[in-house]
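Working through the structure, step by step
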Amino acid sequence: MDAGSIPATSTKLMMIYTLPEMIRTLGRLLVKLTIALTTIIFLSATCVSYSVQASDYQSNYEKIPAVNKMPPRVANWAYTPTIVVCEYAPITDVQIQSAIAFWKNLGHRFFISQYNYDPHNKCNDPNPDRYIVIHLVADGIEMETSSLAETRFFVNNDTNKIEWAKIYMREDIRETVLEHELGHALGYLHYNKNKHLMNSKWTQGGWETDGLRK
Ligand SMILES: [Zn+2]
């Protein structure tokens, strides 16, 4: 044995000593690596959700109604309603069919529609159960001069279901007004998002249907 064998032995001993130590170190490294990887995955998930949020809040204007994300809907119908367009109502058959198709596309259902045909005299019924009745604004109907139309709907407070609705239209019907009023008849209230169908101001409204799908 030469002098060099001692360090060799000690190296060997050290090696024996270090091997489990290395395994432990490797183990710790693996744990650290796992934590690091998890953190990366977590961060990327965070980044993803941030980018989603970024697109949800495109402008300060949209951030405000995000608190109230949906147009409020007070109630559902008790039955699938029938629509009656009364005599003198200032809308054509094509207009009502188009408005019905609009709401059907959003998943709403109507039993049938009757154009200038009212065998059950629902146009003169004060409580036309199961019907949405469309009238021309007539004498005796109080309506603000700035209003283009008005819808009155009756909710049964015991069942919280809509039982009937009446829509009063002015002569000069404008785009989106009939669809907007049918929205009220279906129980939707105003939702003042720009370009939205249920915007209370016609000039700021439009064809956007967020929250109107059944
Ligand atoms: Zn309205």
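Residues numbered from 1 in each chain as written. Predicted model: local features only at pLDDT ≥ 70, side-chain atom pairs only at ≥ 80, totals over all residues.

In terms of helices and strands, the protein carries four helices and six strands. Among the 214 residues that make up the protein, the fraction classed as buried is 22%. By sequence separation, contacts in the protein at least 24 residues apart represent 66% of the contacts at least 6 residues apart. (Helix = DSSP H or I, 4+ residues; strand = E, 2+ residues; numbered from the N terminus. Buried ≥ 20, exposed ≤ 12 C-beta atoms within 10 Å, placed from the backbone. Contact = placed C-beta atoms within 7 Å.)

Right, let's get into the pairing of strand β4 (residues 131-136). Across a regular strand the side chains alternate sides, sitting on one face of the sheet and then on the other. Taking burial as the measure, the six residues of β4 include five buried ones, the bulk of the element. By the bridge criterion, four bridges tie strand β2 (residues 82-85) to β4 in an arrangement that is parallel. For T82, the partnering residue across the bridge sits in β4 and is Y131. In this sheet, strand β6 (residues 161-169) lies alongside β4 in parallel orientation, the contact comprising five bridges. Paired with I134 across the two strands is I167, which belongs to β6. (Pairing = 2+ DSSP bridges.)

Here we come to helix α4 (residues 177-185). Counting buried residues in α4 gives nine out of nine residues, a clear majority hidden from the surface. Of all the residues in α4, the buried ones are V177, L178, E179, H180, E181, L182, G183, H184 and A185. Of the residues one or two after α4, G187 is the one with positive phi, at around 105°.

Right, let's get into the nonpolar core. Counting 32 residues, the largest nonpolar core has V84, I132, I134 and I167 as the members making the most contacts within it. Residue assignment for this core shows that the elements contributing at least two residues are β2, α3 (93-105), β4, β6 and α4. The element that contributes the greatest number of residues to this core is β6, accounting for six residues. Beyond its immediate stretch of four places on either side in the chain, I167 contacts I132, I134, H135, A149, T151, E181 and A185. (Core = buried A, V, L, I, M, F, W, Y, C linked by C-beta atoms within 7 Å.)

Moving on to the pairing of β2. Sheet topology places β2 next to strand β3 (residues 113-115); three bridges connect them, and they run parallel. In the strand pairing of β3, V85 is matched with Y115. Taken together, β2, α3 and β3 constitute a β-α-β crossover, and its handedness is right-handed. (Right-handed = clockwise from strand over helix to strand, strands pointing away.)

Right, let's get into the environment of L106. Counting through the fold element by element, L106 comes out in the loop between α3 and β3. The class for L106 is partly exposed, based on 15 C-beta atoms found within 10 Å. C-alpha of L106 to C-alpha of K214: the two residues are 108 residues apart in sequence and 6.2 Å apart in space. Excluding residues that lie within four positions of it along the chain, L106 makes contacts with T209, L212, R213 and K214.

Residues of the protein with pLDDT of at least 70 account for 68%, and the chain-wide mean is 77. Averaged pLDDT values for the elements of the protein fall to 41 in helix α2 (residues 60-63) and rise to 98 in β2. Low pLDDT (under 50) marks residues 1-17, which in the prediction has zero contacts with non-local residues, meaning those over four places away or in another chain. Confidence drops under a pLDDT of 50 for residues 34-67, and excluding neighbours within four residues, the segment shows four contacts in the predicted structure. (pLDDT = per-residue confidence, 0-100.)

All right, on to the environment of N194 then. Along the polypeptide, N194 turns up in the segment after α4. For the pair N194 and G206, spaced twelve residues apart in sequence, the C-alpha to C-alpha distance is 7.6 Å.

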